[in-house]
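Reading the structure
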Number of protein chains: 4
Amino acid sequence: MSDTGVETQIKNTYDVRVRFNDCDPLRIVWHGVYITYFEDGREAFGRAHEISYLDVKANGFSTPIIKSVCEHKKPLAYGDIAIVETTFVDTPAAKMIFRYKIYNQHKELVCIGETIQVFVDDEGNMSLTLPKFFEDWKRKVGLL
Amino acid sequence: MSDTGVETQIKNTYDVRVRFNDCDPLRIVWHGVYITYFEDGREAFGRAHEISYLDVKANGFSTPIIKSVCEHKKPLAYGDIAIVETTFVDTPAAKMIFRYKIYNQHKELVCIGETIQVFVDDEGNMSLTLPKFFEDWKRKVGLL
Amino acid sequence: MSDTGVETQIKNTYDVRVRFNDCDPLRIVWHGVYITYFEDGREAFGRAHEISYLDVKANGFSTPIIKSVCEHKKPLAYGDIAIVETTFVDTPAAKMIFRYKIYNQHKELVCIGETIQVFVDDEGNMSLTLPKFFEDWKRKVGLL
Amino acid sequence: MSDTGVETQIKNTYDVRVRFNDCDPLRIVWHGVYITYFEDGREAFGRAHEISYLDVKANGFSTPIIKSVCEHKKPLAYGDIAIVETTFVDTPAAKMIFRYKIYNQHKELVCIGETIQVFVDDEGNMSLTLPKFFEDWKRKVGLL
């Protein structure tokens, strides 16, 4: 995973039911679908901590993903539940970093991952410094 | 398929390679993926006949789908090519109707379908009459 | 919708949270995604009434979709909840027919649809008569 | 990208047309879709060099992905063509490693990535040594 950034205790857990069409001819969840599960986890984190896509948008920003990493430990199949644990990773850079651990319903680790996002304003410019709303958010959750 | 509308000779054929993750645990293309193949066919038609999503958008309209019908005759599997034949269906109504026939690489019919679209302007209002650009297009292709 | 078949009172309601990547550049749920929502509803019905994909498979059958119809009344956007009401439609034919009504969180009807499935045994043969397990199921829910 | 492995000159280039529903409400290709483009590139490489999913399967193996990395440099939008350059990365380990560079139609780099696959036989056991068919393949392409 990324070299920079410190895992915090600010976490969220979200259950995703594996869809039939998440699974491929090998009868396991197709590897690219985990990026969707990460987004499910990250948005559930965002709703719980008021930093979701819609919160960010209301502040005049979007946060495009610039990097994703996904490592698979075990497969998931149709009928399984993906339990997505999303952890906020603190960094002084103008980035949002999340790490993910996905477990199956038997609490076995199936996947780990990371995403890195940057802040882009409504004119399409990437922020080199923390946007004020995000500084406020970090203060609110005790990281500043 | 729809009661109204007359199939024209204005057609287009487009090949789509079946993706691994188009296929489900039954090892056939998941039924919902055919809606994507229809869109591939319709957009290839649009590029060939200058009535694609981007052409429509340049004229200040979008054309949301209001109805899709999809009937399956045979399955497609990984390794197959879906040959999508898209036919314009003429109607006096302010709608765009397309019919689809999908064949496999052995020229066997695997799927038929239809989509109906309406015209919505940039303010979000649905057109009850043919937009001028579409009237012009129908004239150009010999339907007016 | 289909000519044959009688809507029963055997129903199920299931909530689906609209995903960011369910939405297209028009900022509404892309029309093909509703086929996934129908499957979510149908599988929730199946889990509630013991006739899910996995139940059917345990009886040596699969139930491929042979027809889907989807009609759109209103768009859904990111942040919305799709409330999928799935109704079993009774028919004497060797088919499973479901009708769908999707509402948004304000209880407005956004979409209606129907799917028709046939029974295929483990050797790949389509059943022309009701498989015994399905006859048993219909008896159990009071339809035989 | 991965520490191990040496980029070879064994490459393939494959064009993918961006689909409307590859794009999200930000009007750019949703980040998770690049995993599909990587697979398109890898399978085109496989067809060109006789090491595709179906070739591997014919030899009694599957090659599940155990890690994906995806880094975004620029967005792609509807109307763009993704030009996927797939390079085989040589390693003595019982793994298949590919690196990807995706360019737009203006030859600008939009994305880089890597996938790592392992060999699993038909009984579900992971190979700790190179399967014979893969050794033969490496010999054929001049890597052994």
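Preceding block: the structure.
Here's a quick rundown of the structure. (Residues numbered from 1 in each chain as written. Chains lettered and ligands numbered in written order. Predicted model: local features only at pLDDT ≥ 70, side-chain atom pairs only at ≥ 80, totals over all residues.)

Assigned secondary structure in chain A consists of three helices and seven strands. Scanning chain A from its N terminus toward the C terminus, one meets helices and strands in the order β-α-α-β-β-β-β-β-β-α. Here the C-alpha atoms of chain A give a radius of gyration of 16 Å, agreeing with the 15 Å that 2.2 N^0.38 yields for 144 residues. Looking at the 144 residues of chain A, the share that counts as buried comes to 43%. For chain A, contacts bridging at least 24 residues in sequence account for 69% of all contacts bridging at least 6. (Helix = DSSP H or I, 4+ residues; strand = E, 2+ residues; numbered from the N terminus. Rg over C-alpha atoms; globule rule 2.2 N^0.38 Å. Buried ≥ 20, exposed ≤ 12 C-beta atoms within 10 Å, placed from the backbone. Contact = placed C-beta atoms within 7 Å.)

Attention now goes to the environment of B:Cys70. With respect to the element layout, B:Cys70 can be found in strand β3 (residues 65–72). Taking the C-alpha atoms as reference points, B:Cys70 and B:Lys101, 31 residues apart in sequence, are found 9.9 Å from one another. Look past the residues within four positions of B:Cys70 in its chain and what remains in contact with it is B:Tyr34, B:Ile35, B:Cys111, B:Gly113, C:Lys67 and C:Ser68.

With that settled, the discussion passes to unusual backbone geometry. The backbone phi angle of B:Arg27 is positive, close to 65°, even though this residue is not glycine. Note that B:Arg27 resides in the loop between β1 (6–17) and α1 (33–49). Exposure remark for B:Arg27: the 13 C-beta atoms within 10 Å place this residue in the partly exposed category. Phi angles above zero are rare outside glycine, and C:Glu50 is one such case at about 60°. Along the chain, C:Glu50 turns up in the loop between α1 (33–49) and α2 (53–58). Using a count of 11 C-beta atoms within 10 Å as the deciding quantity, one classes C:Glu50 as exposed.

The next subject is the interface of chain D and chain A. Listed per partner, the contact involves 15 residues of chain D and 15 residues of chain A. Looking at the side of chain D that touches chain A residue by residue, the classes come out as seven nonpolar, six polar and two charged. Of the pairings in the sheet, the one linking strand β3 (residues 65–72) of chain A to strand β3 (residues 65–72) of chain D comprises five bridges and is antiparallel in character. Its bridge partner lying in β3(D), A:Val69 is registered against D:Val69. (Nonpolar A, V, L, I, M, F, W, Y, C, P; charged D, E, K, R; others polar. Pairing = 2+ DSSP bridges.)

Our next topic: the sheet that holds strand β3 (residues 65–72) of chain C. Reading across the sheet, the ten strands line up as β1(B)-β4(B)-β5(B)-β6(B)-β3(B)-β3(C)-β6(C)-β5(C)-β4(C)-β1(C) and stay open at both edges, with antiparallel pairing between neighbours. Edge positions in the sheet fall to β1 of chain B together with β1 (6–17) of chain C, since each of these pairs with one other strand and no more. Direction aside, neighbouring strands of the sheet carry axes that sit 15° apart on average. Taken strand by strand, α1(B) contacts β1, β3, β4 (81–90), β5 (95–103) and β6 (109–118) of chain B, and its axis lies near 115° from that of β1(B). (Axes fitted to C-alpha atoms, helices over the stretch in contact; angles between N-to-C directions.)

For the rest of this paragraph, the subject is the relation of the copies chain D and chain A. Mapping chain D onto chain A is achieved by rotating through 180° and translating by 0.0 Å along the same axis, at an RMSD of 0.0 Å. Put plainly, the chains are arranged around a two-fold axis. Of every C-alpha in chain D, the one belonging to D:Val69 sits nearest the axis of rotation, 2.3 Å from it. The overlap is high: 100% of the interface residues of chain D also sit at the interface in chain A, so the same surface is used on both sides. (Least-squares fit on C-alpha atoms with pLDDT ≥ 70 in both.)

This part takes up the relation of the copies chain C and chain B. Mapping chain C onto chain B is achieved by rotating through 180° and translating by 0.0 Å along the same axis, at an RMSD of 0.0 Å. Same-surface contact between copies: 100% of interface residues of chain C are shared with the interface of chain B.

Counting 72 residues, the largest nonpolar core has A:Ile102 and D:Ile102 as its most contacted members. With residues near it in sequence (within four places) discarded, D:Ile102 still touches D:Tyr34, D:Tyr37, D:Ala82, D:Ile83, D:Val84, D:Val110 and D:Cys111. Residues B:Val18, B:Phe20, C:Phe20 and C:Met96 belong to the second largest nonpolar core, which totals 66 residues. (Core = buried A, V, L, I, M, F, W, Y, C linked by C-beta atoms within 7 Å.)

Contacts between the two partners involve 15 residues from chain C and, on the opposite side, 15 residues from chain B. Where the side of chain C that touches chain B is concerned, the elements lending two or more residues are α1 and β3 of chain C. When grouped by side-chain class, the residues that make up the side of chain C that touches chain B number seven nonpolar, six polar and two charged.

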